[in-house]
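Observations on the model geometry
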2 protein chains.
Amino acid sequence: MNISDVARSTGLPVKTIRYYEDIGLIAPARSDNGYRDFSDSDLHKLAFIGRARSLGFGIEACRDLLRLYNDQTRASADVKRLAQAHLDEIDRKIAELGQMRDTLSHLIDACAGNDRPDCPILADLAAAPDHA
Amino acid sequence: MNISDVARSTGLPVKTIRYYEDIGLIAPARSDNGYRDFSDSDLHKLAFIGRARSLGFGIEACRDLLRLYNDQTRASADVKRLAQAHLDEIDRKIAELGQMRDTLSHLIDACAGNDRPDCPILADLAAAPDHA
DNA sequence: ATAAGGTCTCCAGTCACTGGAAGGTCAAGC
DNA sequence: GCTTGACCTTCCAGTGACTGGAGACCTTAT
């Protein structure tokens, strides 16, 4: 299976697949002509990685997840711990963005949005010692 | 005013302040010894940038905001448009993270987290064609 | 034979810093 | 005057996870 077929069936860009090989997430065979020759197992791994990435896991976490997946002696607790750490990080980011959202939203509401220069958004940026 | 004083009073790292000069956000004077010599205006600008950054504005947006701030003939509508675009982006990110959070949270709840290898998290990553 | 399209490698750029090396400057204490 | 230590300078490289592009090779169809 050539790389563009794999790209089509996993939804991952060709460049990304090559990159995943570069960093050692996959190791597809090579044909005589030097082309990568992907097995079903490679395909499966890439799909796995693609889904983990879509859940926001970082590359190193993907590597860990793949290792756990291939380890029949794993404890589900290890997987859960990894996922929970990631969830905590997501919650942290959501909270951070929510904070930004609230402040920004207030400022936008207060701004007339007309031809005049007076603007509470700029006033806040210029003066606010904190956004409490 | 030397750079470490500015760092102290703006809360920005020294490295970041130098970087902001590099990319042309500020242009502090230089003393005879080659040290940067920050004016109150530089300080004010850095504080402004720091607050815009803390609201999640990117560097180019900060540059635009600073330009609008210094333009007495600005229209508040321009500021509002910029802020609204950023708010939309934040909302998009929150929605994306929320989606991840929901999926991940379900999977974590379903995982026993014990010594056994069975794990719905890995099962989902390995098999799920989508996370609908 | 040629043209189109797929594949290869390698290099550079993204964003907003951050770390570190190597060296100049300054103020205090001896 | 000399040293010590804290400060300052520039420049280079690395971060995460790709992405774009150049230049060259391979394959398939006409």
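Cut-offs and rules
Every residue gets a number counted from 1 within its own chain, in the order that chain's sequence is written. Here the convention is simple: chains get letters from A, ligands get numbers from 1, in the order in which they are written. Per-residue local features of the predicted model are confined to residues with pLDDT of at least 70, and side-chain atom pairs are confined, for both listing and counting, to 80 or more; whole-chain, interface and lining totals are unaffected and use all residues. To obtain the side-chain values, all non-hydrogen atoms of the structure were used and water was disregarded. The numbering of helices and of strands both runs from the N terminus, where a helix is a DSSP run of H or I of at least 4 residues and a strand a run of E of at least 2. Radius of gyration: over C-alpha atoms. The globule rule applied is 2.2 Å multiplied by the number of residues raised to the 0.38 power. Residue burial is assigned from relative accessible area. The probe radius is 1.4 Å, only protein chains are included, and a residue is buried under 20% of its type maximum, exposed over 50%, and partly exposed in between. A contact between two residues is defined here by any heavy atoms of the two lying within 4.5 Å. Between the N-to-C directions of two axes lies an angle of 0 to 180 degrees, each axis being a line fitted to C-alpha atoms and, for a helix, fitted only over the stretch in contact. Here is the rule for angles: anything less than 35 degrees is roughly parallel, anything more than 145 is roughly antiparallel, 65 through 115 is roughly perpendicular, and the remaining ranges are oblique. Definitions for this section: a left-handed crossing has its near helix turned counterclockwise from the far helix by less than a right angle. A right-handed crossing has that turn clockwise. Gly falls in the polar group here, along with every residue not listed as nonpolar (Ala, Val, Leu, Ile, Met, Phe, Trp, Tyr, Cys, Pro) or charged (Asp, Glu, Lys, Arg). By convention in these notes, a salt bridge is any Lys or Arg side-chain nitrogen within 4 Å of a carboxyl oxygen on Asp or Glu. One heavy atom suffices: a residue is near a molecule or strand as soon as one of its heavy atoms comes within 4 Å of it. Think of a polar contact as two N or O atoms within 3.5 Å of one another; within protein, one of them needs to be a possible hydrogen donor and the other a possible acceptor, and neighboring residues in sequence only count if both atoms come from side chains. Note: buried area is the sum, over both parts, of the accessible area (probe 1.4 Å) each one loses when the two are combined. Here the copies are matched by least squares. The fit uses the C-alpha atoms of residues with pLDDT of at least 70 in both.

1. Some points on the overall build of chain A
- Of regular secondary structure, chain A possesses six helices and two strands.
- From first element to last, N terminus to C terminus, chain A shows the α and β order α-α-β-β-α-α-α-α.
- Since a compact globule built from 132 residues should have a radius of gyration of about 14 Å, the 23 Å found for chain A marks it as more spread out than a globular shape.
- Its C-alpha atoms give chain A principal-axis dimensions of about 70 × 40 × 20 Å.
- In chain A, which comprises 132 residues, the share counted as buried stands at 41%.
- The contacts in chain A between residues at least 6 apart in sequence include a share of 38% that link residues at least 24 apart.

2. Quick notes on the packing of helix α4 (residues 59-70) of chain B against helix α5 (residues 76-110) of chain B
Residues and elements named next belong to chain B.
- Where α4 meets α5, the axes come as close as 10 Å, and the angle between the chain directions of the two elements is 165°. On the basis of their axis angle, the class for α4 and α5 is roughly antiparallel. Where α4 crosses over α5, the handedness of that crossing is left-handed. In contact with A61, D64, L65 and L68 of α4, α5 contributes D78, V79 and L82.
- Within the contact of α4 with α5, the residues separate by chemical class into five nonpolar, no polar and two charged.

3. Structural notes on the pattern of salt bridges
- Taken as a whole and assessed by the stated rule, the structure comprises 20 salt bridges over all chains.
- For A:D118, the salt bridge is made with A:R116, and the minimal N-O distance between the two is 3.4 Å.
- For A:R116, a relative accessible area of 51% corresponds to the exposed category.
- The closest approach of N and O atoms between B:E21 and B:R36, which form a salt bridge, is 2.4 Å. You can see B:E21 sitting in helix α2 (residues 14-22) and its partner B:R36 sitting in strand β2 (residues 36-37), a full 15 residues away along the chain.
- Look at B:E21 and you get buried, because its relative accessible area is 18%.
- Look at B:R36 and you get buried, because its relative accessible area is 17%.
- Salt bridges here are not isolated pairs; linked through shared partners, they connect A:E21, A:R30 and A:R36.

4. Describing the protein's contact with DNA strand C
- Taken together, 19 residues lie around DNA strand C, and A:S4, A:Y35, A:R36, B:K15 and B:Y20 are the ones closest in.
- Each atom of DNA strand C within 4 Å of the protein was assigned to sugar, phosphate or base; sugar and phosphate come to 66%.
- B:Y20 is positioned with one of its side-chain polar atoms (N or O) 2.5 Å from a phosphate oxygen of DNA strand C.
- For DNA strand C, a phosphate oxygen lies 2.8 Å from a polar atom in the side chain of B:R53.

5. Some remarks on the interface of chain A and chain B
- Between chain A and chain B, the residue contacts involve 53 residues of the former and 53 residues of the latter.
- Summing the contributions of chain A and of chain B, the shared interface buries around 4,400 Å²; its carbon and sulfur component is 72%.
- The interface formed by chain A and chain B contains two salt bridges.
- Between B:R101 and A:D91 there is a salt bridge; the shortest N-O distance is 3.1 Å.
- At the junction of chain A and chain B, the tally comes to 19 residue pairs in polar contact (both at pLDDT 80 or more).

6. Some remarks on the relation of the copies chain A and chain B
- By a simple turn and slide, chain A fits onto chain B: the slide is 0.0 Å along the axis, the RMSD is 0.0 Å, and the turn is 180°. Both chain copies can therefore be described as sitting about a two-fold axis. Among all residues of chain A, the one whose C-alpha sits closest to the rotation axis is A:I94, at a distance of 2.9 Å.
- Most of the interface of chain A is mirrored in chain B, where 100% of its interface residues are also at the interface.

7. Remarks on the environment of A:H86
- If you trace the backbone, A:H86 turns up in helix α5 (residues 76-110).
- Given the relative accessible area of 12%, A:H86 is considered buried.
- Sequence spacing of A:H86 and A:F57 is 29 residues, and the spatial spacing of their C-alpha atoms is 6.8 Å.
- Not counting the four nearest positions on each side in its chain, A:H86 is found in contact with A:L55, A:G56, A:F57 and B:L104.
- Engagement of the side chain of A:H86 in a polar contact is seen with the backbone oxygen of A:L55, the distance being 2.8 Å.

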